[in-house]
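Observations on the three-dimensional arrangement
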Amino acid sequence: MIFSAKAILFDMDGVLIDSAPAVERVWRIWALAHGFDPARVVAEAHGRRSIETIRAVAPTMDAEKENSLVEQMEIDDKDGVTALPGAARLLAQLPDERFTIVTSATRPLAVARLGYAGLPVPRYMITADDVVNGKPSPEPYLKGAALLGFAPADCVVFEDTPAGIVSARASAMQAVALRTTYPAQELQAADAIVTSLEDVKAELRGEVIVLHVASIPMVKS
């Protein structure tokens, strides 16, 4: 498949970086410490801001206080945080003013994880600190497009979670899903599904970024 865009918006965890082991360790420790089901908490955590995860599973707790604790635990846990295949190559193919990271992580956590993974901190980035409503709200990706100065219709999003895909599509953007975190059947709302960014190549043709995407077959409804 071929996509044309003027700007590319990347989710971070599960798209550029494999942080799943650290994420699951931190949330399991937190869940067990408070008597919650670790499996449920981990499932809630993927692709969402940590404060929204806390509000969902523990509505009576002080979400701001717990969020600060969880964030520091995530910053401190760097074991196994690595760049995903194809991430460094694809980022290097794009001018720095034509892409941004749109992540549910806070800015300190995003900067830490990019450093652990050996990826550069981009010139532009939207983090949990920059939005009122996280994914699946369209707010994060709409702010990402505005930060780069492009219309949503001119943007392509790379995501790994259903919540992120909903956010992208609600923003009127095309979405390419990576099956790094969820099985393909849960990513069918995307325009294409790939195994990793190794299946994506970018070339700049004037003002247009042309993406060559080796998509896996979509499930027909």
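Structure: above.
Turning to the environment of Ser 137, a few remarks are in order. Within the secondary structure layout, Ser 137 lies in the loop between strand S6 (125-126) and helix H7 (139-148). Through-space distance from the C-alpha of Ser 137 to that of Ala 170 is 7.5 Å; in sequence the pair is 33 residues apart. There is a polar contact of 3.1 Å between the side chain of Ser 137 and the backbone nitrogen of Glu 139.

Take the sheet that holds strand S9 (residues 192-194) next. With respect to topology, six strands assemble into an open sheet ordered S6-S5-S2-S7-S8-S9, the strand pairing being parallel. Edge strands, defined here as strands with exactly one partner in the open sheet, are S6 and S9. As defined by bridge partners, strand S2 (residues 7-10) adjoins strand S5 (residues 99-102) across three bridges and the pair is classed as parallel. Following the sheet pairing, Phe 10 is matched in S5 by Ile 101. In the packing of H7 onto the sheet, the strands contacted are S2, S5, S6 and strand S7 (155-159), and the crossing angle to S5 comes to about 155 degrees. Lying on the sheet, helix H8 (residues 162-170) is in contact with S7 and strand S8 (174-178); it crosses S8 at an angle near 165 degrees.

Inspection of the secondary structure assignment puts Asp 77 in the loop between helix H4 (63-76) and strand S4 (82-83). Residue Asp 77 is classed as buried on the basis of its relative accessible area, which comes to 16%. Aside from chain neighbours lying at most four places away, what touches Asp 77 is Ala 22, Arg 25 and Val 26.

The next point concerns the pattern of salt bridges. Tallied over the entire structure, the rule returns 13 salt bridges. As a salt-bridge pair, Glu 64 and Arg 55 come within 3.9 Å of each other at their nearest N and O atoms. For Arg 55, a relative accessible area of 44% puts it in the partly exposed group. Measuring nitrogen to oxygen at the nearest pair gives 3.5 Å for the salt bridge that ties Glu 74 to Arg 113. Placement of Glu 74 in helix H4 and of Arg 113 in helix H6 (residues 107-117) is noted, with a sequence separation of 39 residues between them. Take Glu 74 and Arg 113: they sit in the same class, and that class is buried. Taken together, the shared-partner salt bridges in this structure form one network comprising Asp 11, Lys 135 and Glu 159.

Attention now goes to the nonpolar core. Grouped together as the largest cluster of nonpolar side chains are 37 residues, with contacts concentrated most on Ile 8, Phe 10, Leu 16, Phe 158, Leu 197 and Leu 211. Those residues in contact with Leu 197 that lie beyond four places of it in its chain are Phe 10, Val 15, Leu 16, Pro 85, Gly 86, Ala 87, Arg 89, Leu 90, Phe 158 and Leu 178. Core analysis: the next-biggest nonpolar cluster, separate from the first, contains 23 residues, Leu 148, Cys 155, Leu 187 and Ala 190 among them.

Procedures and definitions
Residues numbered from 1 in each chain as written. Predicted model: local features only at pLDDT ≥ 70, side-chain atom pairs only at ≥ 80, totals over all residues. Heavy atoms only, no water. Helix = DSSP H or I, 4+ residues; strand = E, 2+ residues; numbered from the N terminus. Polar contact = N/O pair within 3.5 Å; in protein donor to acceptor, adjacent residues only side chain to side chain. Pairing = 2+ DSSP bridges. Contact = heavy atoms within 4.5 Å. Axes fitted to C-alpha atoms, helices over the stretch in contact; angles between N-to-C directions. Buried < 20%, exposed > 50% of the residue type's maximum accessible area, 1.4 Å probe, protein only. Salt bridge = Lys/Arg side-chain N within 4 Å of Asp/Glu carboxyl O. Core = buried A, V, L, I, M, F, W, Y, C linked by side-chain atoms within 4.5 Å.

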